[in-house]
Structure formats: C-alpha cells, structure tokens
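Close look at the chain arrangement
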Amino acid sequence: LLARPAILECQFHQAGFHVVGIQEGRARDSSTRFDTYYDMYVTSANSAGSYGVQIWIHKSCKFNIHANRSVSPRLMGLTGAFSAYRFDARIICGHAPCEDASLDSKETFYDDLQKLYSQLGKGPSHLTLLCIDGNARVGSVASECFGGPS
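Residues numbered from 1 in each chain as written. Predicted model: local features only at pLDDT ≥ 70, side-chain atom pairs only at ≥ 80, totals over all residues. Heavy atoms only, no water.

Spatially, 1-4-3-2 is the arrangement adopted by the four strands of the open sheet, whose pairing is antiparallel. Across the chains shown, the open sheet's two edge strands, defined by having one partner strand only, are strand 1 (19-22) and strand 2 (31-34). Adjacent strand axes in the sheet meet at a mean angle of 15°, parallel and antiparallel pairs treated alike. With four bridges joining them, strand 1 and strand 4 (residues 54-58) adopt antiparallel strand pairing. Among the inter-strand pairings, Gly-21 is bridged to a residue of strand 4, identified as Ile-55. Across the sheet, helix 1 (residues 4-15) is in contact with strand 1, strand 2, strand 3 (38-42) and strand 4; its angle to strand 4 comes to roughly 45°. (Pairing = 2+ DSSP bridges. Helix = DSSP H or I, 4+ residues; strand = E, 2+ residues; numbered from the N terminus. Axes fitted to C-alpha atoms, helices over the stretch in contact; angles between N-to-C directions. Contact = heavy atoms within 4.5 Å.)

Here it is, written out as structure tokens:
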C-alpha cells in the first residue's frame, strides 16, 4: 500500500495541479522533499502533533526558490521563479485559528500573515498565490455548504 502523501501526490498530478497548499500536514520535522512529481516544502506540526502546512510545486513548473520562510506550524511562505512560465511568485500557505479560538491567537495569526506577505516582497512580475484554510464563518445562516452553528 502507498502512504497517504504518495497517494495524494499521484492524485494531484493526475488532476493537473501545479501548486498545492496543504493544511494539517502534521509532519514531524520541517523539510524539503523532492518526490516523483512535486517538490514539497514542509513545516512541522506543533509539539502536540497538530497543524503543519506544506506547499507542493509540480516539477514541470521548474520553480527556482529564492526564499523559504516558516513563521509557525500554521504559516509558511516561498518566493521564487517559475522558469517554465517566466514569472516570479510569492506563495503563502496558512491555517488560521478556528472561530472559537482566542482573539489573541486570531490576531497573532493575521498579524504574522501580513508580516510574512511584506517580508516575502513583491517584484514587478510577481504573482501572489494564497493557500489559506481561513476557518471563517460565512454569514449567520446555517446551510449544507457552511455547516451548523459551532
């Protein structure tokens, strides 16, 4: 049997995804892996084994990384050049605190997101990709799409 990351990698490749942001990766260690179809930039989970975000970039994009910044187990960013497409990119992956988290933890996350966005810089040909699990409540009406009250 294939491990879950290998199965996901094959599915993402077959679907034609160029960039994938993953939340709740729960990796034990931060690392960079060069697998069959994707280069995988990974931040580790916290000490309780939660969180951990990852950015996977398809090898066909020929992404030349300039910076890799891990802010926390909830937030990371990359800058680099997609040489296959001749443009630069800033890619941010994050996992925001849930609705019932403390106001302080929510403010810290969004402050860190804004700082990371600024730190990664933006050149004249930069594309910004934001892969966020915002854990946001949308409106006040429960539906099948948004779920019931928490």
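That shown, we press on.
Two aromatic rings, taken as a pair, are described by how far apart their centres are and by the angle between their planes. In this structure the tally under the stated criterion is seven aromatic pairs. When the ring of Phe-109 is compared with that of Tyr-110, the centres are 4.9 Å apart and the planes differ by 90°; the resulting orientation is edge-to-face. Among the residues examined, Tyr-110 registers a relative accessible area of 41% and is labelled partly exposed. Through a chain of ring-to-ring contacts, the aromatic side chains of Phe-12, Phe-17, Tyr-38 and Trp-56 assemble into a single cluster. Lying across the ring of Tyr-51, Arg-74 places its NZ or CZ 3.8 Å from the centre. (Phe/Tyr/Trp six-rings, centres within 6.5 Å; stacked < 30°, edge-to-face > 60°. Buried < 20%, exposed > 50% of the residue type's maximum accessible area, 1.4 Å probe, protein only. Lys NZ or Arg CZ within 6 Å of the ring centre and 35° of its normal.)

Looking now at the nonpolar core. Soluble globular proteins: nonpolar side chains tend toward being buried together. Ile-55, Ile-57, Phe-63, Met-76, Leu-78, Phe-82 and Ile-91 are the most contacted members of the largest nonpolar core, which totals 13 residues. Secondary structure elements with two or more residues in this core: strand 4, strand 6 (75-82) and strand 7 (87-95). Core analysis: the second largest hydrophobic core is formed by eight residues, Val-20, Ile-22, Tyr-38 and Val-42 among them. (Core = buried A, V, L, I, M, F, W, Y, C linked by side-chain atoms within 4.5 Å.)

A few words on helix 2 (residues 103-119). Because the α-helix completes a turn every 3.6 residues, residues three or four places apart line up on one side. Under the 1.5 Å per step criterion, the end-to-end length of helix 2 is 24 Å for 17 residues, consistent within 8% with the ideal 24 Å. Inspection of helix 2 places Phe-109, Leu-113 and Leu-116 among the buried residues, and these make up the whole buried set. The buried side chains of helix 2 occupy one side of the element, clustering within an arc of 70° when seen end-on. Opposite the packed face of helix 2, turned more than 90 degrees from it, sit the exposed residues Leu-103, Asp-104 and Lys-115. (Expected span 1.5 Å × (residues − 1). Arc of directions from axis to C-beta.)

It is worth stressing that arrangement in space is one thing and function is another; only the former is reported here.
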